[in-house]
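Read off the chains here:
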Amino acid sequence: MAASQHPFPQAVLVVSDGVSTSWGAERASLVAADTACDVLASALQRGELHTEDYAEAFKAAHQAVLNAAGEMDPAACTLVAATLSAGVVRVGNVGDSRAYWVSQTGTSWLLTQDDSMAQARMQLGMSRQEAEQSLQAHSITRWLGRNAENVTPTLVEFRPDSPGWLVVCSDGLWNYASSAGELASVVLKLAIGHRTPVELAAALVDWANSCGGRDNITVALARFDG
């Protein structure tokens, strides 16, 4: 999270999830997240964010993954990056790590669209529940790193009209609460006893582990009070 002397709260939240079938996936996700966060935090410090800043952040993260491989074949990873600045949430993603807006008083939203086989099946008419439980549902169709053909992020801009939480996470969390309503219910329940972003993030990881913890669980949050 990046902060500055600004009349509005500012934050940069980045999550990357290594593709488990590739060598060095944990290294790939680390350098991708660090690189994208650095680029976006620097852009915030200079002033207003632009679409080009997101494109540059993902391009730089992709190159960092390739560079980290050394003499080995490069790994692959997902990447989702969200910023909160001047009352506006901006999100970019490649892969199936997600960003959610969890409203304290109104409707909550899934802000990203997965690059995955499950998403492709939903676009063909399959229900979310059926698609996410289908064969190879978590096979991703876009990524950063090895053999990636398109690393330009899908972008969305959202202006919250009520207090709430910006949540960025890997599929290790949303596996157990996929829809915006399901995840909002968990977040708001846990937020009663865990008020800071760090406390709430830890509580969400514990909750996902209690549900089975089948995959890597990474989550970052920022609070927006309106």
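Everything quoted here is computed from the prediction, not taken from an experiment.

How each quantity is defined
- Residues numbered from 1 in each chain as written.
- Predicted model: local features only at pLDDT ≥ 70, side-chain atom pairs only at ≥ 80, totals over all residues.
- Heavy atoms only, no water.
- Pairing = 2+ DSSP bridges.
- Helix = DSSP H or I, 4+ residues; strand = E, 2+ residues; numbered from the N terminus.
- Axes fitted to C-alpha atoms, helices over the stretch in contact; angles between N-to-C directions.
- Contact = heavy atoms within 4.5 Å.
- Phe/Tyr/Trp six-rings, centres within 6.5 Å; stacked < 30°, edge-to-face > 60°.
- Lys NZ or Arg CZ within 6 Å of the ring centre and 35° of its normal.

Describe in detail the sheet that holds strand β3 (residues 79–85), supporting the description with residues and values.
Within the open sheet, the 4 strands sit side by side as β1-β3-β4-β8. Their pairing is antiparallel. Edge positions in the sheet fall to β1 (11–15) and β8 (154–158), since each has one partner strand and no second. Each neighbouring strand pair of the sheet contributes to a mean axis angle of 10°, computed without reference to strand direction. Inspection of the sheet shows β1 paired to β3 by 5 bridges, in the antiparallel sense. Bridged to Ala11 within β3 is Leu84. Most of the contacts of helix α1 (residues 25–46) go to β1, to which it runs at about 160°, and overall it touches β1 and β3.

Describe the packing of aromatic side chains, listing the residues and the values that go with them.
Counted by the stated rule, this structure contains 3 aromatic pairs. Considering the side-chain rings of Tyr176 and Trp207, the 6.3 Å spacing of their centres and the 85° angle between planes classify their relative orientation as edge-to-face. A residue pair is termed long-range when its members are at least 10 positions apart, and Tyr176 in the loop between α5 (171–174) and α6 (180–191) and Trp207 in helix α7 (residues 197–210) qualify at 31 residues. Within the aromatic cluster, the residues linked to one another by ring pairs are Trp101, Phe158 and Phe224. Against the face of Trp174 rests Arg98, its NZ or CZ located 3.4 Å from the ring centre.

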